[in-house]
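Understanding the architecture of this molecule
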Amino acid sequence: QALGDLFDIAWIQGEAEDRGIEATDTEIQDQLQQVKNQSFKSEEEYQKFLDRSGFTQEDVNLRIELQVLSTKIQEEVSAGAAKASDEDAEKLYEANKATFGEQSFDEAKEQIKQQLDGQFQQEFFADFLNDYRERWIQVTVCADDYLNERCDNFDPVVAECTEEQAAQTGCP
C-alpha cells in the first residue's frame, strides 16, 4: 500500500508537471477548508482526527494538493474530447426512436448531444488513463534498476540471478 501511494504521488505530480499544471497554496487551503467544513463540526474535531489517524497536517496538505492536481488534469484531458455533432445525435435518435416516444429529433437533439458528450468524455478519459498508467509504470515501476515481469526490461534469467551469484559468476 505504501509503495502504491508513493507511485500515485509520483505519477500525479509528474503528469501535472508535464502538463504545466500547478496547485497554488490558495487552492490547497480553499480545498482543505471545504473538506474540513464537510467532514468535521469544528477545528477541534479535525485535530482529534489528525491525532487518531496518525496523519500530520503535511500529509493532509499533500493529499489535498494531489486532489487539486488530479481534478485539473481530468478537466484538461476531458476538454480534449470530441463534441457530439448533429449527425451523431441523429444516428442515436434513429437507432433508439422508440425510447423517445412522441419527442421529435429537434426536441431531443440537445439532450442527446449532452448524453453523447458525456459518453465521449468518459471514453476519452478512459483512453487517457490507460496511456497514463502505462507511461508512468514505465517511468517508475519499470525503471532501469527495477525488474518486474510486466516491464519491457524484464529478463527472467536476470531476475533469477541473486546478488551473490552475480558477484561470483557475473550471471547475466
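So, here's what we can say about the structure. All residue numbers here refer to positions counted from 1 along the written sequence of the relevant chain. pLDDT decides what is reported in this predicted model: residues at 70 or higher carry local features, side-chain atom pairs at 80 or more are listed and counted, and totals for whole chains, interfaces and linings draw on all residues regardless. The side-chain quantities take in all heavy atoms of the structure and omit both hydrogens and water.

Note on patches: the residues involved have over 30% relative accessible area and no salt bridge, like charges join within 9 Å, and the nonpolar side chains Val, Leu, Ile, Met, Phe, Trp and Tyr join within 5 Å. To be clear on the numbers: accessible area is Shrake-Rupley with a 1.4 Å probe, and residue cover counts the displayed protein chains and nothing else. Salt bridges are defined by distance alone: a side-chain nitrogen of Lys or Arg within 4 Å of a carboxyl oxygen of Asp or Glu. Positive charges come from Lys and Arg, negative ones from Asp and Glu, while His and the chain ends are left out of the count. Taken as the charge location is NZ of Lys, CZ of Arg, CG of Asp or CD of Glu. Residues Glu87, Glu90, Asp106 and Glu107 make up a contiguous surface patch of negative charge. Numbering of helices and strands starts at the N terminus; helices are DSSP runs of H or I of at least 4 residues and strands are runs of E of at least 2. Within the residue set of the negative patch, elements represented by two or more residues are helix H5 (86–95) and helix H6 (105–139). With respect to the helices and strands, Glu107 occurs in helix H6. When a residue's accessible area, from a 1.4 Å probe over protein chains only, is under 20% of the maximum for its type it is buried; when over 50% it is exposed; and in between it is partly exposed. Residue classification places Glu107 among the exposed positions, given a relative accessible area of 53%.

This part is about the packing of helix H2 (residues 25–39) against helix H4 (residues 57–79). In this analysis an axis means a line fitted to C-alpha atoms, helices contributing only their contacting stretch, and an angle means the value between N-to-C directions, from 0 to 180 degrees. Between H2 and H4, the least distance of the axes is 9 Å, while the angle of their chain directions is 105°. Classified by the interaxial angle, the pair formed by H2 and H4 is roughly perpendicular. Packed against H2, whose contacting residues are Glu27, Ile28, Gln29, Gln31, Leu32 and Val35, the element H4 presents Gln57, Val60, Asn61, Ile64, Glu65, Gln67, Val68 and Lys72 at the interface. Of the residues assigned to the contact of H2 with H4, the class counts are six nonpolar, five polar and three charged. Here roughly perpendicular refers to angles of 65 to 115 degrees, roughly parallel to angles under 35, roughly antiparallel to angles over 145, and oblique to all remaining angles. By definition, residues are in contact when any of their heavy atoms lie within 4.5 Å. Three residue categories are used. Nonpolar comprises Ala, Val, Leu, Ile, Met, Phe, Trp, Tyr, Cys and Pro, charged comprises Asp, Glu, Lys and Arg, and polar comprises the others, including Gly.

With that settled, the discussion passes to the layout of surface pockets. The space that makes up the largest pocket amounts to roughly 190 Å³. Lining residues are those with an atom within 4 Å of a point, where the points come from a 1 Å grid over the protein atoms alone and group into cavities, where a 1.4 Å probe fits but cannot get out, or pockets, open sets with protein on both sides within 12 Å along at least five of seven lines. Lining the largest pocket are 11 residues, and of these Asp5, Ile9, Leu62, Arg63 and Leu66 sit closest to its centre. Elements supplying a minimum of two residues to the lining of the largest pocket: helix H1 (2–19) and H4. Grid points are joined across faces, edges and corners, and a volume is the space filled by probe spheres set on the points. One number sums up the size of the second largest pocket: a volume of about 160 Å³. Of all the elements in the fold, those that place two or more residues in the lining of the second largest pocket are H4 and H6. Split into classes, the residues belonging to the lining of the second largest pocket amount to six nonpolar, three polar and no charged.

The subject of this paragraph is the packing of aromatic side chains. Two measures describe an aromatic ring pair: the distance that separates the ring centres and the angle between the ring planes. Pairs were defined over the aromatic rings of Phe, Tyr and Trp, the Trp ring being its six-membered one, requiring ring centres within 6.5 Å. Orientation was assigned from the angle between planes: stacked under 30 degrees, edge-to-face over 60, tilted for the rest. Going through the model one piece at a time under the given rule, you end up with nine aromatic pairs. Ring geometry for Trp11 and Tyr132: centres 6.3 Å apart, planes at 90°, overall edge-to-face. A residue pair is termed long-range when its members are at least 10 positions apart, and Trp11 in helix H1 and Tyr132 in helix H6 qualify at 121 residues. Relative to Phe55, the ring of Phe49 has its centre 6.1 Å away and its plane inclined at 35°; by these criteria the two rings are tilted. Overall, the relative accessible area of 34% leaves Phe55 in the partly exposed class. Here the aromatic residues Trp11, Phe125, Phe128 and Tyr132 are joined through ring pairs into a cluster of three or more.

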